[in-house]
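Each chain, letter by letter, is given below.
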Amino acid sequence: MTIMIRPDVEIDPEWAEARSLPEASELAAAGRTVMVTLPGDETEAIAAAAAYAWAGATVFRTTHDVRQALDMTEVLLGRRPPALTRRGLG
């Protein structure tokens, strides 16, 4: 399950905050719930959200809507089915 929260929302003390991709991967591999704070620039936030989701982060502090990037990453990782499938394109 992926959670998006605003930066002013109080965080759960059980969440582990990662400040880098390797740290996020390490914490996720240890079974921790990983939280990251995304950059203020929207384009950077979308890219960072996808990368951190791939690394195992599940909680994202952001002011931007990065849901589509997170959903796409979940589909690519096989954690959820695609919203729409097409066959025979081409």
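Notes on the structure follow. All chains use their own residue numbering, which begins from 1 and follows the written sequence. The predicted nature of this model means local features are confined to residues of pLDDT at least 70 and side-chain atom pairs, given and counted, to a pLDDT of 80 or more, with totals for whole chains, interfaces and linings taken over all residues. Note that the side-chain values use all heavy atoms of the structure and ignore hydrogens as well as water.

### Focus on the overall build of the chain
Right, on to step 1. Working definition: helices are DSSP H or I runs of at least four residues, strands are E runs of at least two. Numbering for both runs from the N terminus. For the chain, the helix and strand inventory stands at three helices and four strands.
Right, on to step 2. On the principal axes, the C-alpha backbone points of the chain span a range of 50 × 30 × 20 Å.
Right, on to step 3. Burial classes follow relative accessibility: with a 1.4 Å probe on protein chains only, a residue under 20% of its type's maximum area counts as buried, one over 50% as exposed, and anything between as partly exposed. Per-residue burial for the chain yields a buried fraction of 33% across its 90 residues.
Right, on to step 4. Nonlocal contacts in the chain, meaning residues at least 24 apart in sequence, comprise 48% of its contacts between residues at least 6 apart.
Right, on to step 5. Here the accessible surface of atoms and residues is derived via Shrake-Rupley with a 1.4 Å probe, and residues count as covered only by protein chains that are part of the display. Taken as a whole, the chain presents about 6000 Å² of accessible surface, with 52% of it coming from carbon and sulfur.
Right, on to step 6. By the counting scheme adopted, Arg and Lys are positive, Glu and Asp are negative, and His together with the chain ends is not counted. To locate a charge, take atom NZ for lysine, CZ for arginine, CG for aspartate or CD for glutamate. If you average the places of the 9 positive and of the 13 negative side-chain charges in the chain, the two averages end up 9 Å apart. Contacts are residue-level and defined by heavy atoms, with any inter-residue pair within 4.5 Å sufficient.

### Focus: the nonpolar core
Right, on to step 1. Residues belong to one nonpolar core when they are buried, are Ala, Val, Leu, Ile, Met, Phe, Trp, Tyr or Cys, and are joined through side-chain atoms within 4.5 Å. Val 34, Val 36, Leu 38, Tyr 52 and Phe 60 are the most contacted members of the largest nonpolar core, which has 17 residues in total.
Right, on to step 2. At the level of elements, helix 1 (21–29), strand 3 (34–37) and helix 2 (42–55) are the ones that each hand at least two residues to this core.
Right, on to step 3. The element contributing the most residues to this core is helix 2, with six residues.
Right, on to step 4. Phe 60 has contacts with Thr 2, Ile 3, Met 4, Ile 5, Val 36, Leu 38, Ala 49, Tyr 52, Ala 53 and Leu 70, leaving out every residue within four places of it along the chain.

### Considerations on the pattern of salt bridges
Right, on to step 1. Whenever Lys or Arg places a side-chain nitrogen within 4 Å of a carboxyl oxygen from Asp or Glu, that contact is recorded as a salt bridge. Taken as a whole and judged by the stated rule, the model has four salt bridges.
Right, on to step 2. For the salt bridge of Arg 80 with Asp 71, the shortest nitrogen-to-oxygen distance reads 3.0 Å.
Right, on to step 3. Residue classification places Arg 80 among the partly exposed residues on the basis of a relative accessible area of 32%.
Right, on to step 4. A relative accessible area of 23% places Asp 71 in the partly exposed class.
Right, on to step 5. Through salt bridges with shared partners, one network takes in Arg 67, Asp 71 and Arg 80.

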